[in-house]
Amino acid sequence: MESFGRAFQLIFSGNREVFTIVFTSLYISIISTGVTACLGIPAGILLHFNTFPFKRGLVAVINALLALPTVVVGLLVFSLISRSGPLGSLNILFSPWAIVMGQVVLSFPIMVSLVYSGLSKVDGRFYETLVTLGAKGRNVLAATLIEARFVILSAVLAGFGRVIGEVGVSMMLGGNIRWYTRTMTTSIALESSKGEFSQALALGVILVTIALLVNGIIHTLVKER
Amino acid sequence: MSELLYSIRNLKYAYPQNEEVVLDIDRLDLESGKVHVLLGPNGSGKTTFLKILNRLIEYNQGEITFMRESLKQNKVARQKTVYVHQNPLLFSATVYDNVAYGLRIRKAGPKNISSLVKKTLSVVGLEGFEKRRSQALSAGEKQRVAIARALIIKPDVLFLDEPTASVDKANVARIEGLLTAIKTEYGCTIIVSTHNIPFAYRVCDSILHLEEGKTAEPLENIFKGELIVNDEQFIQFDSGKFHFYCPYLEGDFKTAVIDYDRIFLSSAPVETSARNNVQGTISKIETAYNNENLVIVEMDVGEKIKSCITKKSLKEMRLCIGGRVYLHFKASAVRLY
């Protein structure tokens, strides 16, 4: 109970370190979600509209990647951007950009899969209606994006939810450096291992609030459809 | 003046996933400016046929021409024919956005779009519905918004797939009135599929039966007109050029149907119990398409009317084109819709 009291004190007193950690988490997650959206939404749309050999196999692989462990992603990207790796010259290991890179790899399959499955659920009459009214390729794409806007937004928010709450990638690629790459999740892991539960709890409360907020938005959007 | 719109020859269609032939039409011509009704039970191939004519489905055997050009790759057919689903799907947007869609993709100006949306909504009886969300509409209203969305691009052909299937009685009457308004206002050809028999007869200019993918021209005379009460006991149907006795029924009937085989012929006046005894001139004699022993005799009685008799009767009565003949049919032989 005492730890809870101190946790709320840290939040409401505007503790600088706590809010720096929250800010770092948010800006890294927002950037990685933005980058993933730019790549994942077009990929999901292309996957939906195109037919090619082994498409079903590719969809199965993407769906399997939804369960990708964060530490595996961390390990994979680590091997790419470490000094001896093929992207070592970028010198981004243990920087926020390394975390962004890992989180993009982590959330890309989520966004592709959700956009693809969301578009697959659009009623078959929708395309027939567009075509019969004279819509051509570009019109069909634009109308589909508008019609599936809630599905796409839900996919983006789900991707954000995944990266804001992950710990493996941030820890392995960011190094949990104070005032630089320390995020809410890595900080919670560190503080709780040190026995400093008040800061861990304060960050936990903020993280859960953000997660609930994102889920609330997704729920509202789905309901509005 | 009606022109040949669609000409269909030896059309056979089977869905790729199932080799069973769902459409098998040897020969069919559809004229422009009319309301053609496809009447048939569920699963008879009506929807498939409409989708083929609208190029939503590519046919794999036979030939179809649209305005005397092959339907395949026909760009005019793509731009000037619109299909409205049985349960139309409206975009998740306002009624205005739904109706305006066809004009927006054709790059019409906003002022033009706004005035045309207003006008089209008034044609379908939905004035003031512009700002309503599509999800908040009833089935009948959705149907009319879908029709407005199709009409706004002024199509040459409007395909309506079972427009009365999911609407209540009041909306069926509205759709009937709407078809007449569309024909008058837009002059387009309407091809409607339905299994609602009264609706079919009331709206049709021509009717076609479709069963298990095969078309059959019904052997019946269809007259459009109104009922006139002569006295307390009898009622007549007046098509404008021809009037005849029919059963006494109460209601707003606009169509009278008499089967070919309910009209019998005589070469001289005879006294019969039939209420309708008329003299006519034979204008055409042709063999029935489904039975070589029968002939269809077309007569002019002010309107064209047809009767079906055997070849033997034709020979014995010495009927020929231009000859005089007497037609007899009972009032009860007339079906009213």
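What counts, and where the lines are drawn
Residues numbered from 1 in each chain as written. Chains lettered and ligands numbered in written order. Predicted model: local features only at pLDDT ≥ 70, side-chain atom pairs only at ≥ 80, totals over all residues. Heavy atoms only, no water. Helix = DSSP H or I, 4+ residues; strand = E, 2+ residues; numbered from the N terminus. Buried < 20%, exposed > 50% of the residue type's maximum accessible area, 1.4 Å probe, protein only. Contact = heavy atoms within 4.5 Å. Areas by Shrake-Rupley, 256 points an atom, 1.4 Å probe, with all protein chains shown as cover. Lys, Arg positive; Asp, Glu negative; His and termini not counted. Charge placed at Lys NZ, Arg CZ, Asp CG, Glu CD. Rg over C-alpha atoms; globule rule 2.2 N^0.38 Å. pLDDT = per-residue confidence, 0-100. Buried area = accessible area lost by both parts, 1.4 Å probe. Salt bridge = Lys/Arg side-chain N within 4 Å of Asp/Glu carboxyl O. Pairing = 2+ DSSP bridges. Axes fitted to C-alpha atoms, helices over the stretch in contact; angles between N-to-C directions. Polar contact = N/O pair within 3.5 Å; in protein donor to acceptor, adjacent residues only side chain to side chain.

Undergrad: I keep staring at the overall build of chain A and nothing clicks. Help me out?
TA: Along the backbone of chain A there are 11 helices and 0 strands. With respect to the principal axes defined by its C-alpha atoms, chain A has extents near 65 × 45 × 25 Å. A buried classification covers 48% of the 225 residues belonging to chain A. In chain A, the proportion of contacts linking residues at least 24 apart, taken out of those at least 6 apart, comes to 74%. Here chain A has roughly 11400 Å² of accessible surface; of this, 69% comes from carbon and sulfur atoms. In chain A, which carries 16 positive and 9 negative side-chain charges, the distance between the mean positions of the two groups comes to 8 Å.

Undergrad: I would appreciate a short explanation of the overall build of chain B in the present structure.
TA: For chain B, the count of helices and strands is 8 helices and 21 strands. By the compact-globule yardstick of 20 Å for 337 residues, chain B fits well, its C-alpha radius of gyration being 22 Å. Oriented by its inertia axes, the alpha-carbon framework of chain B measures out at about 70 × 50 × 35 Å. Here chain B holds 337 residues, and 50% of them are scored as buried. Looking at chain B alone, contacts between residues at least 24 apart form 65% of all its contacts between residues at least 6 apart. Entry remark: accessible area of chain B is about 16400 Å², with carbon and sulfur atoms responsible for 48%. The averaged location of the 40 negative side-chain charges in chain B is 6 Å from the averaged location of its 45 positive side-chain charges.

Undergrad: Before we go on, may I ask you to explain the confidence of the model for chain B in this structure?
TA: A low pLDDT score tells you not to read the predicted coordinates there in detail. When pLDDT is averaged along chain B, the result is 92, and 99% of the positions lie at 70 or above. The ipTM, which scores confidence in the relative placement of chains, is 0.83 for this predicted complex, and the corresponding pTM is 0.78.

Undergrad: Help me out: how do you make sense of the interface of chain B and chain A in this one?
TA: It is common to give the size of an interface as the accessible area lost on bringing the parts into contact. Counting from both sides, the interface comprises 25 residues of chain B and, opposite them, 18 residues of chain A. Summed over the three residues of chain B that lose the most area to chain A, namely His85, Leu89 and Tyr101 of chain B, the buried surface amounts to 30% of that side. A salt bridge links Lys51 of chain B to Glu128 of chain A, with the nearest nitrogen and oxygen atoms 3.0 Å apart. Mapped onto the side of chain B that touches chain A, the elements with two or more residues apiece are helix 2 (75-80), strand 6 (81-84), helix 3 (95-104) and helix 5 (139-151) of chain B.

Undergrad: Mind showing me how you'd approach the sheet that holds strand 8 (residues 189-194) of chain B here?
TA: Strands pair in a sheet through their backbones, by hydrogen bonds, and they do so in one of two ways: parallel or antiparallel. All names here are of chain B. Ordered in space as 6-7-8-3-9-10, the 6 strands form an open sheet in which the pairing is mixed. Each end of this open sheet is capped by a strand with a single partner; those strands are strand 6 and strand 10 (214-216). Sheet twist, expressed as the average angle between the axes of neighbouring strands with direction ignored, equals 20°. Alignment of strand 6 against strand 7 (residues 157-161), held across 4 bridges, turns out to be parallel.

Undergrad: Explain unusual backbone geometry to me, please; I cannot follow it from the model alone.
TA: In the Ramachandran plot, Phe94 of chain A falls in the positive-phi region, its phi being about 60° despite a non-glycine side chain. Relative to the helices and strands, Phe94 of chain A is located in the loop between helix 4 (70-81) and helix 5 (96-120). Despite not being glycine, Lys107 of chain B has its phi angle at roughly 60°, a positive value. Tracing the backbone shows Lys107 of chain B in the loop between helix 3 and helix 4 (110-123). For Lys107 of chain B, a relative accessible area of 64% corresponds to the exposed category.

Undergrad: I keep staring at the side chain of Ser307 of chain B and nothing clicks. Help me out?
TA: Residue and element names in this part refer to chain B. Inspection of the secondary structure assignment puts Ser307 in strand 19 (residues 304-310). With a relative accessible area of 0%, Ser307 lands in the buried category. A polar side-chain atom of Ser307 sits 2.8 Å from the main-chain carbonyl oxygen of Ile263. Aside from chain neighbours lying at most four places away, what touches Ser307 is Tyr260, Ile263, Leu265, Val295, Ile296, Val297 and Met299.

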